[in-house]
Amino acid sequence: MSKQITIPFGPQHPVLPEPLHLDLVLEDEKVVDVIPTIGYVHRGLEKLVEKREYTEYVFIAERICGICSFIHSQAYVQGIEQIMGLEIPERAQYLRTIWSEYSRLHSHLLWLGCFADSMGFESVFMNSWRLREHILNDLEATTGGRVIQGVCKVAGVRRDITPEKLDEMVKGLRGIEHELQDLTNVFLHDSSIQHRLKGIGVLKKEDAYQLGAVGPTARGSGVAIDIRETGYAAFGKINFRPVVEHDGDCYARCAIRAKEMFTSIDIIEQCAKKIPDGPVDMKVTGAPDGEYFSRAEQPRGEVIHYIKGNGKKNLLRHRVRTPTFTNIPPLITLLKGCDLADVPVIVLTIDPCIGCAER
Amino acid sequence: MTYLAKSPWIIHYDASSCNGCDIEILACLTPMYDVERFGIINTGNPKHADIFVVTGSVNEQNREVILNIYNQMPDPKVAVAVGICATSGGVFRECYNVAGGIDKLIPVDVYVMGCAARPESIIDGIVTALGILEKKRSEGASAPVVTDHHMNKEHHKHAEGGVQ
Ligand code: SF4
């Protein structure tokens, strides 16, 4: 047996926009063990519920992460609404659905770009991010913010979208669809990308299930879980099928995200067709008394917001279980036995979002 | 400032930010904003960098990393705090693990406002930093090595509000 050496990976590393630290134990070029260290971006924001009113706290919940921002605020207000038994206007539900799919599009494009960059495809990185600007423009035009939207609130949303604008948005998305197609074709069919991804970092279906993988990491291994199917917001009235792949390798996880973007466009189009007229918010009185587990599907997988209140303006407890956090044990399994050169690519295929995971 | 003598390279570190500002910094590099046309490149190596761009605030775990990066950068160097978190702690300033803005730890030359800071203002901040960099270069200024201990004392002297 050759000698073991330990190489630190991160926290400041060129492929990671965020600080994650892994100690890689190597035998020659093979990774035999991985020890993760987290906590570099821990802020402790869950405790802020004691200092902020539950209605104000939406802004904090949104800033758990700048990439998954909208869906965090959505999951949080959903929990509050459930505790208080609020039936919020249907138009608001549809608008939330539209914005959450926009977030998914922007997150997946961001990921495809960073992923391409980690393999040395800088032009693909630039192209994904160029397309992403289109999505961000729409988000900014309708919500007022590019990455932090601040549009969700307890019992509704802050802004409405006019029917003309909705029309324009759908046309715009259909307009960039062929460009998206070209982009995803690179990921799905380019021979050098396939060479880097196929058969690399395989997560077996049982492992994915046992280790609690969620989102594209689970669906890439054939575990068909997608919380959108539970029908929160307006997803119950929309026709869609989650994308599932069965190989469990890096290629499968990449393919899921590439294909999901088209599902998102479909969902947005259906919402634009079905969206009913009416108000977008309602008045709230009182404060939440009770507890609730609110679930939503982030671009990275299932997020759970646990909320507990006692009828006062300040909640007693808010706890978030983020998708990246539960995807770290599968990541460790994936890394054991891989080549050192594949580490950046494998780490990125779970789409780690450390801001979420550490809060 | 009408021209640049050198191509300034930046190094970006995400202290405890929420990502919002980080992805906007990345967006600056991409075709829509494209700061690379000014010769600005995002490098991962502190020894190659002239401008230290920090997002997010100081916490117990990342103190050392920030100092490490800053002290490794060659002179002249400037530090840019991007976003309200890096400036003062922002919405998180009352969290138990947030010590406050980056200036609690290292000298900051430019503050960029916003939550999230918009790419336009980030570019504006970096261009301002370029001017300061030129000035420091002509003056031959060199920054002292910053240690946590020193800044900590300063910090306790000046600390305001209920943080810490
Ligand atoms: S300033 Fe706002 S967007 Fe930027 S890191 Fe802080 S919370 Fe996130």
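Refer to the structure printed above.
Definitions and cut-offs
- Residues numbered from 1 in each chain as written.
- Chains lettered and ligands numbered in written order.
- Predicted model: local features only at pLDDT ≥ 70, side-chain atom pairs only at ≥ 80, totals over all residues.
- Heavy atoms only, no water.
- Helix = DSSP H or I, 4+ residues; strand = E, 2+ residues; numbered from the N terminus.
- Buried < 20%, exposed > 50% of the residue type's maximum accessible area, 1.4 Å probe, protein only.
- Contact = heavy atoms within 4.5 Å.
- Areas by Shrake-Rupley, 256 points an atom, 1.4 Å probe, with all protein chains shown as cover.
- Lys, Arg positive; Asp, Glu negative; His and termini not counted.
- Charge placed at Lys NZ, Arg CZ, Asp CG, Glu CD.
- Buried area = accessible area lost by both parts, 1.4 Å probe.
- Salt bridge = Lys/Arg side-chain N within 4 Å of Asp/Glu carboxyl O.
- Nonpolar A, V, L, I, M, F, W, Y, C, P; charged D, E, K, R; others polar.
- Expected span 1.5 Å × (residues − 1).
- Pairing = 2+ DSSP bridges.
- Axes fitted to C-alpha atoms, helices over the stretch in contact; angles between N-to-C directions.
- Near = heavy atom within 4 Å.
- Phe/Tyr/Trp six-rings, centres within 6.5 Å; stacked < 30°, edge-to-face > 60°.
- Lys NZ or Arg CZ within 6 Å of the ring centre and 35° of its normal.
- Core = buried A, V, L, I, M, F, W, Y, C linked by side-chain atoms within 4.5 Å.

Give me the overall build of chain B: which residues, what numbers.
Within chain B, the secondary structure is distributed over five helices and five strands. Starting at the N terminus, the α and β elements of chain B follow one another as β-α-β-β-α-β-α-β-α-α. Within chain B, buried positions represent 53% of all 164 residues. Counted over contacts in chain B with a minimum sequence separation of 6, partners at least 24 positions apart contribute 81%. Looking at chain B as shown, the accessible area adds up to about 7,100 Å², and 53% of this sits on carbon and sulfur atoms.

Describe in detail the overall build of chain A, supporting the description with residues and values.
When you go through chain A residue by residue, the secondary structure sums to 12 helices and eight strands. Taking the principal axes of its C-alpha atoms as reference, chain A extends roughly 70 × 45 × 35 Å. Taking all 359 residues of chain A together, 62% fall into the buried category. Contacts in chain A between residues far apart in sequence, at least 24 positions, make up 70% of those at least 6 positions apart. Entry remark: accessible area of chain A is about 13,100 Å², with carbon and sulfur atoms responsible for 50%. Charged side chains of chain A number 43 positive and 48 negative; the gap between the two group centres comes to 5 Å.

Before we move on, can you summarise the interface of chain B and chain A with the specific residues and values?
At the interface, 37 residues of chain B touch 41 residues of chain A. Each partner contributes to the roughly 3,200 Å² buried at the junction of chain B and chain A, and carbon and sulfur atoms together form 61% of this total. Connecting chain B to chain A are two salt bridges. Between R146 of chain A and E24 of chain B there is a salt bridge; the shortest N-O distance is 2.7 Å. When its residues are assigned to classes, the side of chain B that touches chain A shows 21 nonpolar, 11 polar and five charged.

I'd like a rundown of helix α4 (residues 122-143) of chain A, residues and numbers included.
Across its 22 residues, α4 of chain A extends 31 Å between first and last C-alpha, which sits within 8% of the 32 Å expected from 1.5 Å per residue. Within two residues after α4 of chain A, G144 of chain A carries a phi angle of roughly 100°, on the positive side.

How would you explain unusual backbone geometry if you had to name every residue and give the values?
Note: most residues except glycine have negative phi, and most peptide bonds are trans. The amide bond that connects C115 of chain B to the next residue, A116 of chain B, takes the cis arrangement and shows omega of -5°. Along the chain, A116 of chain B turns up in the loop between β5 (110-112) and α4 (119-139). Unlike most non-glycine residues, A233 of chain A shows phi in positive territory, near 45°. Even without a glycine there, the phi angle at N19 of chain B is positive, about 90°. Take N19 of chain B: it is sitting in the loop between β1 (9-14) and α1 (20-29).

Got a sec to walk through the sheet that holds strand β1 (residues 4-9) of chain A? Specific residues and values, please.
Residue and element names in this part refer to chain A. Across the sheet, three strands lie side by side as β1-β2-β3; this open sheet has antiparallel pairing. Two strands in the sheet have a free side with no partner beyond their single neighbour: β1 and β3 (30-37). Across the sheet, the mean angle from the axis of one strand to that of its neighbour is 25°, orientation sign disregarded. The sheet contact formed by strand β2 (residues 21-27) and β3 spans seven bridges and is antiparallel. Bridged to E27 within β3 is K30. Helix α10 (residues 323-335) rests against β2 and β3 of the sheet, and its axis sits at about 160° to β3.

How would you explain the site of the ligand if you had to name every residue and give the values?
Every residue lining the ligand is accounted for by R63 of chain A together with S17, C18, G20, C21, G83, I84, C85, F92, G114, C115 and A116 of chain B. More than one chain approaches the ligand, the contributing ones being chains A and B. When residues of the shell around the ligand are traced back to their parent elements, those giving at least two are α1 and α3 (83-88) of chain B. If one sorts the elements of the shell around the ligand by residue count, α3 of chain B sits on top with three residues. Along the lines of polarity and charge, the residues of the shell around the ligand split into seven nonpolar, four polar and one charged.

Any chance you could break down the packing of aromatic side chains for me, citing the residues and the numbers?
If you walk through the whole model with that rule in mind, you get eight aromatic pairs over all chains. Among the aromatic residues, those joined into a ring-pair cluster are Y232, F235 and F240 of chain A. Seen from the ring of W129 of chain A, R132 of chain A lies directly overhead, with NZ or CZ sitting 4.5 Å from the centre. For the cation-ring pair, K77 of chain B lies above Y70 of chain B, with the distance from its terminal atom to the ring centre recorded as 4.4 Å.

Now, about the nonpolar core: what can you tell me, with residues and values included?
A general tendency of soluble globular proteins is for nonpolar side chains to be buried together. Within the largest apolar cluster, 148 residues are counted, with the highest numbers of intra-cluster contacts made by Y76, F115, F187, L197 and L335 of chain A together with I51 and V82 of chain B. The greatest single-element share of this core, amounting to 14 residues, is contributed by helix α3 (residues 90-118) of chain A. Beyond its immediate stretch of four places on either side in the chain, L335 of chain A contacts L22, V31, V34, V343, I346 and V347 of chain A. Core analysis: the next-biggest nonpolar cluster, separate from the first, contains 23 residues, V58, I66, M73 and V146 of chain B among them.

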